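The lines below spell out each chain.
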Amino acid sequence: MKKIKIKVPATVANLVCGFDILGMAIHEPYDEMELKLLDRPEIIIRHEDHFGLPEEPSQNVAGVVLQHIQQHLQLTKGFEVTIRKHIKPGSGLGSSAASAAGAAFGANALLGNILSDEELVHFAMFGEELASGVRHADNIAPCIYGGITLVKSSSPIDIIPLSTPNLFVAAVHPQVEVKTSDARQILKKNILLKDAVEQWGNIAGLVAGILKNDIPLIGRSLNDVLIEPVRSILIPKFDEIKMKSLEAGALGGGISGSGPSIFMLAEKKETAERIAQLMKSIYDEIEIESFVYVSKINPAGIEIVEEINDENQQ
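Starting afresh in each chain, residues are numbered from 1 along the sequence in its written order. Local features in this predicted model are restricted to residues of pLDDT 70 or higher, and side-chain atom pairs are both shown and tallied only at a pLDDT of 80 or more, whereas totals for entire chains, interfaces and linings draw on every residue. Excluding hydrogens and water, the side-chain values take into account all heavy atoms of the structure.

Engineer: Hey, could you run me through unusual backbone geometry in this one?
Structural biologist: Of all residues except glycine, most have a negative phi; of all peptide bonds, most are trans. In this chain, Glu28 is followed by Pro29 through a cis amide linkage whose omega measures -5°. Each helix is a run of H or I in the DSSP string that is no shorter than four residues. Each strand is a run of E no shorter than two, and both are numbered from the N terminus. Examined against the element boundaries, Pro29 turns out to sit in strand β2 (residues 22-38). For the bond running from Ser155 to Pro156, omega is 0°, close enough to zero to count as cis. Looking at where Pro156 falls in the secondary structure, it is placed in the loop between β5 (148-154) and β6 (157-161). Unlike most non-glycine residues, Asn14 shows phi in positive territory, near 80°. Summarising the element assignment, Asn14 is placed in the loop between β1 (2-13) and β2.

Take a look at the structure:
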């Protein structure tokens, strides 16, 4: 049998104006996963963390992904998966996507890389559907491809890897709960045409800025007139954190995924570290525990840490 150990990064989805279509991988935090190929068509899920996530495959984000791969390929083999999550569920940092993408990536590696990256995204999206009720790929794509990705279409899947600017990410995860399903339900069902046009301009400007490595263009395109004004009310001190981060030198930023995490981009590590501490201090003042991360954009995505071949394992 063969076993693989992988490191699965957190991701920041939307990138302010790119709702459901833009995402980027970061280095911290990350999940650890071990997957072993079994000689029987069984799927075993084990969690070595304290989040109390279900281990029944049909109710587990990684498990349901493996079930779909198993059925599609008509496998007579199965998988044993051990997950150590460091990306807290409900953080807005792609926790469910990490489990889903890690399962798809790891299974593919064990099977000899017979699936394309687009197919990995396709199967991983079943995990996101289980977690949030929606098959979206904005976290999954950067997790698998690395760097910053554009989901041009999720049906059919059309993923466009973008350039990776030499920028730093400061993120804060306040210990409050914002469920993705709830964050989607409060969104407006109808929007004004003038707002849509402004949003399209921001998305186009952000993508152009990333491809041209035009840092000022990236900064002035990080503006969301549709989603952030609604969702930000769910996140304590959001407006203050954003204002003070910009004053401290952030290029821009906003809600990570559906929240409650907040991210900011900066040109220098020292600036990002200063912003991270500023964000934490604001939550300390109102006695909300928070965790901060400073990272460069992760160009690799999921990484193989170790591959083990052992014909004696059962």
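Engineer: Whenever I open this one, helix α3 (residues 117-132) confuses me. Can you help?
Structural biologist: Residues that lie three or four places apart on an α-helix share one face, since the helix turns once every 3.6 residues. The span expected for a helix works out to 1.5 Å for each residue beyond the first. The terminal C-alpha atoms of α3 lie 22 Å apart, and with 16 residues this matches the ideal 22 Å at 1.5 Å per residue to within 8%. Buried residues of α3: Leu120, Val121, Phe123, Ala124, Met125, Phe126, Gly127, Glu128 and Ser132, and no others. Looking at the residues trailing α3, positive phi occurs at Gly133, about 85°. Buried residues are those whose accessible area, probed at 1.4 Å on protein chains only, stays under 20% of the maximum for their type, while exposed residues exceed 50% and partly exposed ones sit between those limits.

Engineer: What exactly am I supposed to notice about a negative patch on the surface here?
Structural biologist: A grouping of Asp117, Glu118, Glu119 and Asp158 is seen on the molecular surface, where their side chains present a negatively charged patch. Ranked by the residues each element gives to the negative patch, the list is headed by α3, at 3 residues. Topologically, Asp158 is positioned in strand β6. Judged by relative accessible area, Asp158 falls into the partly exposed class, the value being 32%. Note that patches include only residues with greater than 30% relative accessible area and no salt bridge, and the join distances are 9 Å for like charges and 5 Å for nonpolar side chains (Val, Leu, Ile, Met, Phe, Trp, Tyr). Using a 1.4 Å probe, accessible areas were evaluated by the Shrake-Rupley method; residue-level cover was limited to the displayed protein chains. Salt bridges, as used here, are contacts in which a Lys or Arg side-chain nitrogen is within 4 Å of a carboxyl oxygen on Asp or Glu. In this tally, Lys and Arg are treated as positive and Asp and Glu as negative; His is ignored, and so are the chain termini. By convention, the point assigned to a charge is CZ for Arg, NZ for Lys, CD for Glu and CG for Asp.

Engineer: It is not clear to me how the pattern of salt bridges should be interpreted in this structure. Could you clarify?
Structural biologist: When the charged atoms of two side chains with opposite charge come close together, those side chains can pair. The final tally for this structure, using the stated rule, is 18 salt bridges. Notably, a salt bridge pairs Arg84 with Glu48, separated by 2.6 Å at the nearest N-O pair. Remark: Glu48 occurs in the loop between β3 (43-47) and α1 (61-73) and Arg84 occurs in strand β4 (residues 78-84); sequence separation between them is 36 residues. Salt bridges sharing partners connect three or more residues here, namely Lys3, Lys5, Glu32, Glu34, Glu48, Arg84 and Glu306.

Engineer: Hey, could you run me through the sheet that holds strand β7 (residues 168-174) in this one?
Structural biologist: In sheet architecture, strand pairing relies on hydrogen bonds along the backbone and comes in two forms, parallel and antiparallel. DSSP-based pairing: two strands are paired if at least 2 bridges between them are found. Here we have 4 strands laid out as an open sheet, ordered β8-β9-β7-β10, and antiparallel in their pairing. The open sheet has two edge strands, β8 (252-255) and β10 (290-296), and neither has a second partner. Each adjacent strand pair in this sheet contributes to an overall mean axis angle of 15°, direction not counted. Here β8 pairs with strand β9 (residues 262-266) via 4 bridges, running antiparallel. Residue pairing across strands places Gly252 opposite Leu265, the latter belonging to β9. Axis definition: a line fitted to C-alpha atoms, over the contacting stretch in the case of helices. Angles run 0 to 180 degrees between N-to-C directions.

Engineer: I keep staring at the environment of Pro29 and nothing clicks. Help me out?
Structural biologist: On the basis of relative accessibility, which here comes to 5%, the residue Pro29 falls in the buried class. Sequence-wise, Pro29 and Val292 are 263 residues apart; in three dimensions their C-alpha atoms are separated by 9.5 Å. Leaving out residues up to four positions away in the same chain, Pro29 has contacts with Pro9, Ala10, His86, Ile87, Leu93 and Tyr293. Contacts: residue pairs with any heavy atoms within 4.5 Å of one another.

Note that all results are geometric; they support no functional claim without further evidence.
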